[in-house]
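An overview of the molecular structure
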Amino acid sequence: LEEVHEKYPQYEVFDNPGITDTVAKGRLEDTDESFEGLIQDVHMLSLTDYVVCTYSSNVCCLVYEMMLFRIGDAGGKIHSLDIQWWFLDRFSMLFEPIVEDLSMNLKYGDELVVDTRFLEAVIKPSYSFNQTSVETQNIRTQEIHVIPLYKLRRIHKLFNFTIFDDIFP
């Protein structure tokens, strides 16, 4: 942390260097002080402009949830170093290609399903925690391919909650 303060004095860096001493003995000897430090760290991270963490960490997921509460859509304000798209209760995500690839029979407008169940997404041998590609199934052709993420754009699923139309006209 000293190096960050020295090299980047123009940035305001929030840190808690003493907290690592309170958890040095591992989870078996958590203290009230280490728990309070964790809460402080999560709170401070959720207030930052941008967070780099790992979604496989419950702490990172908690930071993301707190950012959602504070600013709404926080997807552009957080970056995961391991799995880019995992969420416990989401079973799949839709992507579309941003480039056509005839070798994979991939055309503009194709919808590609990515299975995001944790065990399927992380345990498969074709995946790694520094993920740059995902295994997709093309809805049009039913073919399965591993495609680099830079060739894909996420299709967000929108829901129409018509039940609220009478409440909020």
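Summarised in this report is the structure supplied together with it. Keep in mind it's a predicted model, so treat the numbers as computed, not measured. (Residues numbered from 1 in each chain as written. Predicted model: local features only at pLDDT ≥ 70, side-chain atom pairs only at ≥ 80, totals over all residues. Heavy atoms only, no water.)

1. Some remarks on the side chain of Thr 48
Threshold: Comment: elements are numbered from the N terminus, with helices defined as DSSP H or I runs of at least four residues and strands as E runs of at least two. The criterion used for residue contact is that any of the two residues' heavy atoms lie within 4.5 Å.
Here Thr 48 shows up in the loop between α3 (32-46) and β1 (51-53). Ignoring any residue separated from it by four or fewer positions in sequence, one finds Thr 48 in contact with Met 67 and Arg 70.

2. Observations regarding the pattern of salt bridges
Pairs may arise between side chains of opposite charge once their charged atoms sit close together. Heads up, the condition is: Salt bridge criterion: a side-chain nitrogen from Lys or Arg within 4 Å of a carboxyl oxygen from Asp or Glu. The buried label applies to any residue whose accessible area, calculated with a 1.4 Å probe on protein chains only, is under 20% of its type's maximum; exposed applies above 50%, and partly exposed to all values in between.
Inspection of the entire model under this criterion finds four salt bridges. A salt bridge links Arg 153 to Glu 96, with the nearest nitrogen and oxygen atoms 3.5 Å apart. Placement of Arg 153 in strand β7 (residues 152-155) and of Glu 96 in strand β3 (residues 92-97) is noted, with a sequence separation of 57 residues between them. Its relative accessible area of 44% is what places Arg 153 among the partly exposed residues. Take Glu 96: its relative accessible area is 23%, and that puts it in the partly exposed class. Arg 140 is the partner of Asp 110 in a salt bridge, and the nearest nitrogen-oxygen pair spans 2.6 Å. Placement of the pair is Asp 110 in the loop between β3 and β4 (112-115) and Arg 140 in the loop between β5 (133-138) and β6 (144-148), with a sequence separation of 30 residues. The class of Arg 140 is partly exposed, set by a relative accessible area of 42%.

3. Observations concerning α3
Note the cut-off: By definition here, a helix of n residues has an expected span of 1.5 Å times n minus one. What the arc describes is the spread of directions from the helix axis to the C-beta atoms.
Taking 1.5 Å as the rise per residue, α3 with 15 residues should run 21 Å; its terminal C-alpha atoms sit 21 Å apart, in good agreement. Within α3, burial applies to Ser 34, Gly 37, Val 42 and Ser 46. Angularly, the buried residues of α3 cover 165° about the axis, an arc narrow enough to put them on a single face. Away from its buried face by more than 90 degrees, α3 exposes Asp 32 and Glu 33.

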